[in-house]
Amino acid sequence: MDFAPKPGPTRSETALFLIAALVSIYAVSQFLRNSIGVIANDLARELDLSATQTGLLSSAFFFSFAAVQIPIGILIDRYGPKRTMLATAVLTALGTVLFALAPSASLLIAARVLMGLGCSTFFMAPLVIYARRFPPERFAGLTSLQMGLANTGTLAATAPLAASAAAFGWRASFLAVAVLTVAIALVIVFLVPRDAGSGKPKETWGAAFRGVTAALKVPSFWPVFFMHLATYGCFASVIGLWAGPWLSDVHGADLTARGNVLLLGASAQICGMLAWGAMDRFWGSYKKPVFIGGTMTVLLLAVVAFVPLPQPWATLWFVPFGLFVAYTPILTSHGKSLFPSALTGRGITLMNIGTMGGAFLSQSVTGMLIDLVGRSEQGLYRPEGYRLVFGALATALLLSLIFYVRAIDPHPSRYATKS
């Protein structure tokens, strides 16, 4: 008999498992950040939450996520991406368990803060691992995979979460996510190689923060930053928070219907990200496609702000909204292009603060706007409140677009044409 040992996995198989694990941990982050929209009405009823509290509950994740981005970037450089990511995964699991068991609004918000802190490494740390473990020419493709495939977490926060909440309850559903997070973290322990060369940091904390100051002074930083601030805030506030209550209060949609409509919008956004990804090369510009996507998003938000759409049209509205608001890959590329190589990491981190900080601000403020208008005699939030939300989001994005006109457009094709 032949007792020769079976061959181990090939390098390509090992790389595939590694990528799958890193995508999976980021998908958890995408799920948690967008998970309030479908169950917002259930949370409000069970715990007697106001719209302001609901907005703060959802936005607390984005606040804590954004607040630690700069320290997280430095920790990754000093102690390694694997070690840092696993440490924060513990916070994610604890926050998810606390959310599932929380008996009050204050503990729910505390749980969301923990979730945001925990998920704060799930995008940047994998990118650093890719940069260290793969050839430079594969980095862009791996980044696209990380962003695109992880959006399955966004999809899971729509109809699948609605179905799970209906069958088992939202608390049991989040306990299951906590178990899944621990399982993925254990897989990362064994699949991701040990951090190498992280024991001797290249620069002090003081030098690292001086680099942040230098990044803030890069030409056109602020116009692009404010576009990051407004763009993702629109998506997070609509799909991730108020679309579910709007469909319920204004159009009478039940939990399953809300989940299906949000799944439609999230799927359109994923398709949009794939479609917009190459538009900068088609136009030879970063700014042109951002202007097109941003302008169409403003117009779509203005439609629901001023036109009382019937239910079928309200459902269909989510398709173009998801497609046009998905121009973020080009906006991200524009932001990255502004910084010299020595400041690229800190520059991307600062733009990410704008993205997540904008979601925190928009969700918090829109909750206050809905409470300002108040409830109907039936105890539902008034249609006027939701129109005010859509109008405020459209106004914020329009103002950012006007400021964005001042940004330089350092797309490589513009200089290639000149030469």
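Residues numbered from 1 in each chain as written. Predicted model: local features only at pLDDT ≥ 70, side-chain atom pairs only at ≥ 80, totals over all residues. Heavy atoms only, no water.

Under an unreviewed UniProt entry, the chain has the name MFS transporter and belongs to Microvirga terrestris.

### Comments concerning unusual backbone geometry
The criterion, for reference: Helix and strand assignments come from DSSP, with helices taken as H or I runs of at least 4 residues and strands as E runs of at least 2, each series counted from the N terminus.
Even without being glycine, D48 reaches a positive phi, approximately 55°. By the secondary structure assignment, D48 is in the loop between α2 (36–47) and α3 (51–67). Although it is not a glycine, S220 sits at a positive phi angle of roughly 70°. Considering the arrangement of structural elements, one finds S220 in the loop between α12 (205–216) and α13 (221–251).

### Digging into the packing of aromatic side chains
Here is the rule we go by: Pairing of aromatic rings covers Phe, Tyr and the six-membered ring of Trp, with a centre-to-centre limit of 6.5 Å; geometry is then stacked below 30 degrees between planes, edge-to-face above 60, and tilted otherwise. Exposed residues in this analysis have more than 50% of their type's maximum accessible area, buried residues have under 20%, and partly exposed residues fall in between, with area computed by a 1.4 Å probe over protein chains only. Charge-over-ring contacts are defined here by two conditions on Lys NZ or Arg CZ: a distance within 6 Å of the ring centre and an angle within 35 degrees of the ring normal.
For the structure on display, the rule yields 25 aromatic pairs. Relative to W222, the ring of F221 has its centre 4.8 Å away and its plane inclined at 90°; by these criteria the two rings are edge-to-face. When its relative accessible area of 40% is taken as the criterion, W222 is described as partly exposed. Look at W222 and F226: their rings are 6.1 Å apart centre to centre, the planes differ by 40°, and that puts the pair in the tilted class. Of the two residues, W222 and F226 both sit in helix α13, four residues apart, roughly one turn of that helix. Classification of F226 by relative accessible area gives partly exposed; the value is 31%. Members of the aromatic cluster, connected to one another through ring pairs, are F221, W222, F225, F226, F339 and F403. Sitting above the plane of the F65 ring, R33 keeps its charged end 5.5 Å from the centroid.

### As for the side chain of T349
Put simply, the rule reads: Residues count as neighbours in contact if any of their non-hydrogen atoms are within 4.5 Å of one another.
Relative to the elements of secondary structure, T349 occurs in helix α19 (residues 344–373). Setting aside chain neighbours within four positions, we find T349 in contact with Q69, I70 and M124.

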